[in-house]
Amino acid sequence: MAKIIRESAGKMTQLCRRIVHVKIKWSVLERVSVFRQFFTFIWDRILACSVGRPSRYRRLSRRNSCPSMEAMELGLEPHDLAVSGYSSDSDSDLVALKISILGDCQIGKTSFVIKYVGDEPEKRGLETQGLNLMDKTLCVQGARIAFRIWDVGGDPKSLDQVPIACKDAVAILFMFDLTSRCTLNSVLGWYNQARKWNQTAMPILIGTKFDDFVQLPPDLQWTIITEARAYARAMKATLFFSSATHNINVNKIFKFIMAKLFNLPWTVQRNLTLGEPIIDF
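Just so you know, these numbers come straight off a predicted model, no measurement behind them. Residue numbers here run from 1 along each chain, matching the order of that chain's written sequence. Residues qualify for local features only when their pLDDT is at least 70, as the model is predicted, and side-chain atom pairs are given and counted only at 80 or more; totals for whole chains, interfaces and linings, by contrast, use all residues. The side-chain quantities take in all heavy atoms of the structure and omit both hydrogens and water.

A. Representation of the overall build of the chain in the model. Numbering goes from the N terminus for both helices and strands, where a helix is a DSSP run of H or I of at least four residues and a strand is a run of E of at least two. Each helix and strand in the chain was counted, giving nine helices and 10 strands. Note on definitions: a residue-residue contact is assigned when non-hydrogen atoms from the two residues lie within 4.5 Å. Residue pairs in contact within the chain that sit at least 24 positions apart in sequence constitute 71% of those at least 6 positions apart.

The following block contains the structure:
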């Protein structure tokens, strides 16, 4: 009888120990959960205060609107599209896409932008030393897509504007003068500067003043074409020859950017024919 009582007492003692162990474990887990929630809350507040307005994926509206010529030529259908951009709190239908332009002085960067956005004063943006901002808004299936174009001056003092111009850009246009090989040689320097501040933006290499380029001797034209294609491959960029004077490939470049960002079926045709505006990728 005494043996049975001792065995029963031993089992009760083990059971009590297990109960106490479980209670301690749950108590520890509850405290860890509370601390985890607290630190998660604090971390979220720190991020909200430090990064400002975050980039996020937005879904464009289905509401009817008058599509732009770019939208129609891109073959946009009335379905939802997603794009990473910066939304405006005051306009839920606006998606702003930042485009940066880099290159040496006097190569036609500003003329290129003005040809695209138009020369009306209301389309002009902020002009500061070494930096020029211009906007163009497209109406696409109930939403407005706003290209904000950051044109960085090509003088040495303008290098200070590269970080702010390149940060958060979805595409960076590296430009050179087709009639000046030294401006082509400068492209890699601009590319390296830009990549310090933006590793993900779409790179596009653009040769300007194609209307003057075609007046050069054919052998010199081919030499410049070969070098430009080599630079584009090194940068993993698409190459376009353009002319702001005759509006050659200006609109097409921005259509190409939009098609890439929205994953649209519209594509450009590769062209390596001497005497015609080169497109290579």
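Moving on from the model shown.
B. Fine view of the nonpolar core. Only buried Ala, Val, Leu, Ile, Met, Phe, Trp, Tyr and Cys residues count toward a nonpolar core, and they belong to the same one when joined by side-chain atoms within 4.5 Å. The buried label goes to any residue with under 20% of its type's maximum accessible area, the exposed label to any with over 50%, and the partly exposed label to all in between, with areas taken from a 1.4 Å probe on protein chains only. Core analysis: the largest hydrophobic core is formed by 34 residues, its most contacted members being Ile99, Phe112, Phe147, Ile149, Leu173, Ile204 and Ile257. Of all the secondary structure elements, the ones that give two or more residues to this core are strand E3 (91-102), helix H3 (109-117), strand E5 (131-140), strand E6 (143-152), strand E7 (171-177), strand E8 (202-208) and helix H9 (250-262). With eight residues, the single largest contributor to this core is H9. Counting residues in hydrophobic clusters, the runner-up holds 32 residues, among them Leu133, Trp150, Leu184 and Trp190.

C. Spotlight on the packing of aromatic side chains. Pairing of aromatic rings covers Phe, Tyr and the six-membered ring of Trp, with a centre-to-centre limit of 6.5 Å; geometry is then stacked below 30 degrees between planes, edge-to-face above 60, and tilted otherwise. A complete count under the given rule lists eight aromatic pairs for this structure. Measuring from centroid to centroid gives 6.4 Å for Tyr116 and Phe147, while their planes differ by 70°, and the two rings are edge-to-face. Of the two residues, Tyr116 sits in helix H3 while Phe147 sits in strand E6, which places them 31 residues apart along the sequence. Given the relative accessible area of 3%, Tyr116 is considered buried. Given the relative accessible area of 1%, Phe147 is considered buried. Taking 6.1 Å as the distance between ring centres and 35° as the angle between the ring planes, the aromatic pair formed by Phe210 and Phe213 counts as tilted.

D. Up close: unusual backbone geometry. Even without a glycine there, the phi angle at Asp168 is positive, about 70°. For Asp168, the location among the structural elements is in the loop between helix H4 (162-166) and E7. For Asp168, a relative accessible area of 38% corresponds to the partly exposed category. The backbone of Lys209 sits at a positive phi, close to 60°, despite the residue not being glycine. The residue Lys209 is located in the loop between E8 and helix H7 (210-213) in this model.

E. Quick look at the side chain of Gln221. Structurally, Gln221 is set in helix H8 (residues 218-235). Taking relative accessible area as the criterion, Gln221 reaches 5% and is therefore assigned buried. Polar side-chain contacts of Gln221 include one of 2.8 Å to the backbone oxygen of Leu216. Pairing of N or O atoms within 3.5 Å defines a polar contact, subject to two protein rules: one partner must be a possible hydrogen donor and the other a possible acceptor, and residues neighboring in sequence count only if both atoms are side-chain atoms.

F. Region of interest: H8. The first and last C-alpha atoms of H8 sit 26 Å apart over 18 residues, in line with the 26 Å expected at 1.5 Å per residue. Of the residues making up H8, those classed as buried are Gln221, Ile224, Ile225, Ala228, Arg229, Tyr231, Ala232 and Met235. Down the axis of H8, the smallest arc covering the buried residues is 160°, so these residues share one side. In this structure, H8 carries Asp219, Arg233 and Ala234 as exposed residues pointing more than 90 degrees from its buried face. In the stretch just after H8, Lys236 is the one whose phi turns positive, near 55°. By definition here, a helix of n residues has an expected span of 1.5 Å times n minus one. As used here, the arc belongs to the directions running from the helix axis to the C-beta atoms.

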